[in-house]
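What follows is each chain in one-letter form.
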Amino acid sequence: METNTNIDWANLSFGYMKTDYNVRCTYKDGKWGEIEVSESEHLNIHIAATCLHYGQEIFEGMKAFRGKDGKIRIFRMDENAKRIQRSANGIMMAPIPEDLFSEMVKKVVKLNERFIPPYGSGASLYIRPLEIGMTAQVGVKPATEYTFLIFVTPVGPYFKEGFKPTKVAIYREYDRAAPCGTGRWKVGGNYAASLSAGERAKSEGYSAVLYLDPKEKKYIDECGPANFFAIKDGVYITPKSGSILPSVTNMSLQQIAKDLGIEVECRPIEITELTECQEAAECGTAAVATPISRIDDVEAGKSYTFGSDDEAGPVTTQLYNRLRAIQLGDEPDTHNWVTIVE
Ligand code: PLP
Ligand code: COI
């Protein structure tokens, strides 16, 4: 298959680009219908639909890669299928059966094959599944009709620095999620709640906000669009918290760390423990593993620094390289994380 030669693959940012097709499926009368292929970038939504009023919206994010062998690989699609089910149950939407999810993902990737960035470009095809409540009603209750759709878009690095250290900010006056709230699900409202702090961070020269636990403001939670990990005396430490999104990338990095003989601890991390860490990073599908060279706890007037401003630390680099190699098919997929699209 020819790739789209008009795209400057190496200089793509993390943004939306129109592709050829998206795929859609409707839930009605208690069941999911047929998969539809659409060329339209628009949806026709009732003005009283629950997604517009009461935030019944959930989404996912994953990536497809073109390998050196020319094959298309989708990374850990099954985990995203499970997570969107948890998100759906979390805010009372119709869960998407795993086989429907994976059939639609494979279909939309194949249909837009010419938008998959070539091997070596550093870019990938971002896959964005989303589900919305469609029933027209004014009372606060779950919809009975839903639309699930998936579009794709070729993307470059989420942070313009790429695999280079960034700075993140802690602002104690904002939370993105409540202790027993929706932070553990991929719900659109969580991102609305993060916009104000996120824009402030960007305007003050930070790549992202690092949130503390919303109850005590004592432990590290996660970044706006990514989980957090640090390397402390050779150990991979990452927060355990009920208000963060369980990241597929973090889960994968933990396994890779273990494979490399690196000890892993998933537990509450007090902010003061950062002084004992040599490396820090934010990790996610979009962020991959982005090193953090400095965390400013702005209102507290404290800063934590890690390694150099120009280069990722050795453990983060090792983990990043192994993850990318598995995604691209350069190293064996020993944990069956990759789905090859024929
Ligand atoms: N945390 C938040 C709030 C996110 O939006 C994301 C992105 O999906 C992540 C963590 C990372 O999750 P994953 O690695 O599954 O992409
Ligand atoms: C992802 O990493 O897939 C995300 O969803 C992060 C952000 C773009 C919301």
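Keep in mind that what you see is a predicted model, and the values were worked out from it rather than measured. Each chain carries its own residue numbering, running from 1 in the written order of its sequence. For naming, the first written chain is A and the first written ligand is 1, with later ones following in the order written. Only residues with pLDDT of at least 70 are given local features in this predicted model, and only at 80 or more are side-chain atom pairs given and counted; all residues enter the totals for whole chains, interfaces and linings. Note that water and hydrogens are dropped before the side-chain values are worked out from all heavy atoms of the structure.

**Student:** Hey, could you run me through the site of ligand 2 in this one?
**Tutor:** We call a residue near a molecule or strand as soon as one heavy atom of that residue lies within 4 Å of the molecule or strand. Lining the immediate environment of ligand 2, one finds Phe 14, Phe 59, Gly 61, Tyr 126, Arg 128, Tyr 158, Lys 186, Tyr 191, Pro 225, Thr 285 and Ala 286. Counting of polar contacts relies on pairs of N or O atoms within 3.5 Å, with two restrictions inside protein: one atom must be capable of donating a hydrogen and the other of accepting it, and residues adjacent in sequence are counted only when both atoms are side-chain atoms. One of the backbone N or O atoms of Thr 285 is found 3.5 Å from an oxygen atom in ligand 2. Calculation on ligand 2 without its partners gives an accessible area of 280 Å², and the protein chains cover 90% of this total. Partitioning the shell around ligand 2 into residue classes produces seven nonpolar, two polar and two charged. Note on areas: these come from Shrake-Rupley sampling with a 1.4 Å probe, and a residue is covered only by the protein chains present in the view. Polar here means any residue outside two lists: the nonpolar Ala, Val, Leu, Ile, Met, Phe, Trp, Tyr, Cys and Pro, and the charged Asp, Glu, Lys and Arg; Gly therefore counts as polar.

**Student:** It is not clear to me how the site of ligand 1 should be interpreted in this structure. Could you clarify?
**Tutor:** Near ligand 1 you find 16 residues, and of these Tyr 191, Glu 222, Ser 247, Thr 249 and Thr 285 are the closest. Between ligand 1 and Tyr 191, the relevant distance is 2.5 Å, taken from an oxygen atom to a side-chain nitrogen or oxygen of the residue. Taking Thr 249, its side chain carries an N or O atom lying 2.5 Å from an oxygen atom of ligand 1. Computed on the free molecule, ligand 1 has an accessible area of 380 Å², of which 96% lies beneath the protein chains in the complex. Helix and strand definitions follow DSSP, with helices as H or I runs of at least four residues and strands as E runs of at least two, each counted in order from the N terminus. Contributing elements (two or more residues each) for the shell around ligand 1: α5 (248-259) and β15 (279-284). For the shell around ligand 1, a count of residues per class yields six nonpolar, six polar and four charged.

**Student:** What exactly am I supposed to notice about helix α6 (residues 314-328) here?
**Tutor:** Because an α-helix completes one turn every 3.6 residues, residues spaced three or four positions apart along the sequence face the same direction. Over its 15 residues, α6 runs 21 Å from end to end, which matches the ideal 21 Å to within 8%, given 1.5 Å per residue. Val 315, Thr 316, Leu 319, Tyr 320, Leu 323, Arg 324, Ala 325, Ile 326, Gln 327 and Leu 328 are the residues of α6 that are buried. Following α6 by one or two positions, Gly 329 has its phi on the positive side, about 85°. A helix's residues, less one, multiplied by 1.5 Å, set its expected span. A simple rule labels every residue: compare its accessible area, found with a 1.4 Å probe on the protein chains alone, to the largest value its type can have, and call it buried under 20%, exposed over 50%, or partly exposed in between.

**Student:** Just to check I follow, could you spell out the pairing of strand β16 (residues 288-297) for this structure?
**Tutor:** Looking down a regular strand, the side chains alternate between one sheet face and the other. The buried fraction of β16 is high, at nine of ten residues. Strand pairing requires that DSSP identify at least two bridges connecting the strands. Note: β15 against β16, four bridges, orientation antiparallel. When the bridges of β16 are listed, Glu 282 appears paired with Thr 290. Taken together, β15 and the strand that follows it, β16, pair antiparallel across an intervening segment of three residues. Linking β16 back to strand β17 (residues 302-305) in an antiparallel pair, the connection comprises four residues, with Gly 301 at a positive phi of about 65°.

**Student:** Looking at this structure, how should I read the packing of helix α2 (residues 77-90) against helix α3 (residues 98-111)?
**Tutor:** Angle between the axes and distance between the axes are the two parameters that describe a pair of packed helices. Axis geometry follows a simple rule: fit a line to the C-alpha atoms, using only the stretch in contact for helices, then measure angles between N-to-C directions, giving values from 0 to 180 degrees. Where α2 meets α3, the closest approach of the two axes is 9 Å, and the angle between their N-to-C directions is 130°. Considered as vectors, α2 and α3 are oriented oblique to each other. Crossing angle aside, the handedness with which α2 passes α3 is right-handed. Residues Met 77, Asp 78, Asn 80, Ala 81, Lys 82, Ile 84 and Gln 85 of α2 touch α3, and the partners they reach there are Glu 98, Phe 101, Ser 102, Val 105 and Lys 106. If an angle is under 35 degrees, it is roughly parallel; if it is over 145, roughly antiparallel; if it lies from 65 to 115, roughly perpendicular; otherwise it is oblique. Left-handed is the label given to a crossing in which the near helix is rotated counterclockwise from the far helix by less than a right angle, and right-handed is the label when the rotation is clockwise. Residue contacts are defined here by distance: any two heavy atoms, one from each residue, within 4.5 Å place the two residues in contact.

**Student:** I keep staring at the packing of aromatic side chains and nothing clicks. Help me out?
**Tutor:** For any pair of aromatic rings, the description consists of the separation of the ring centres together with the inter-plane angle of the planes. Between the rings of Phe, Tyr and Trp (Trp by its six-membered ring), a pair exists once the centres lie within 6.5 Å; its type follows the angle of the planes, with under 30 degrees stacked, over 60 edge-to-face, and the other angles tilted. As enumerated under the stated definition, the model contains 13 aromatic pairs in all. A ring pair is formed by Phe 14 and Tyr 126, whose centres lie 5.0 Å apart and whose planes are at 70°; its orientation type is edge-to-face. In this pair, Phe 14 is assigned in the segment before β1 (22-28) and Tyr 126 in strand β7 (residues 124-133), connecting sequence segments 112 residues apart. Phe 14 gets classed as partly exposed once you look at its relative accessible area, which sits at 26%. Since its relative accessible area comes to 7%, Tyr 126 is described here as buried.

**Student:** What's the story with the pattern of salt bridges in this structure? I'm lost.
**Tutor:** When charged atoms on two side chains of opposite charge get close, those side chains can pair. Between Lys or Arg on one side and Asp or Glu on the other, a salt bridge is scored when a side-chain nitrogen of the former is within 4 Å of a carboxyl oxygen of the latter. The tally for this structure, following the rule as stated, stands at 20 salt bridges. In this structure, the salt-bridge partner of Arg 200 is Glu 299, at a minimum N-O distance of 3.9 Å. Taken together, the positions of Arg 200 in helix α4 (residues 188-203) and Glu 299 in the loop between β16 and β17 put the pair 99 residues apart, joining distant regions of the chain. Linked through salt bridges whose partners overlap, the residues forming this network are Lys 232, Glu 265, Arg 267, Glu 273 and Glu 276.

**Student:** Explain the side chain of Arg 73 to me, please; I cannot follow it from the model alone.
**Tutor:** Within the secondary structure, Arg 73 is located in strand β6 (residues 72-75). For Arg 73, the side chain forms a polar contact with the side chain of Asp 69, separated by 2.7 Å. Apart from residues lying up to four places away in sequence, Arg 73 is in contact with Lys 63, Ala 64, Phe 65, Gly 67, Ile 326, Gln 327, Leu 328, Gly 329, Val 338, Thr 339 and Ile 340.

**Student:** What should I look at first to understand a nonpolar patch on the surface in this one?
**Tutor:** To count toward a patch, a residue needs a relative accessible area above 30% and no salt bridge. Like charges then connect within 9 Å, nonpolar side chains (Val, Leu, Ile, Met, Phe, Trp, Tyr) within 5 Å. On the surface, Tyr 54, Val 138 and Val 140 cluster together into a nonpolar patch covering about 330 Å² of accessible area. Here Val 138 lies in the loop between β7 and β8 (146-155). Its relative accessible area of 66% is what places Val 138 among the exposed residues.

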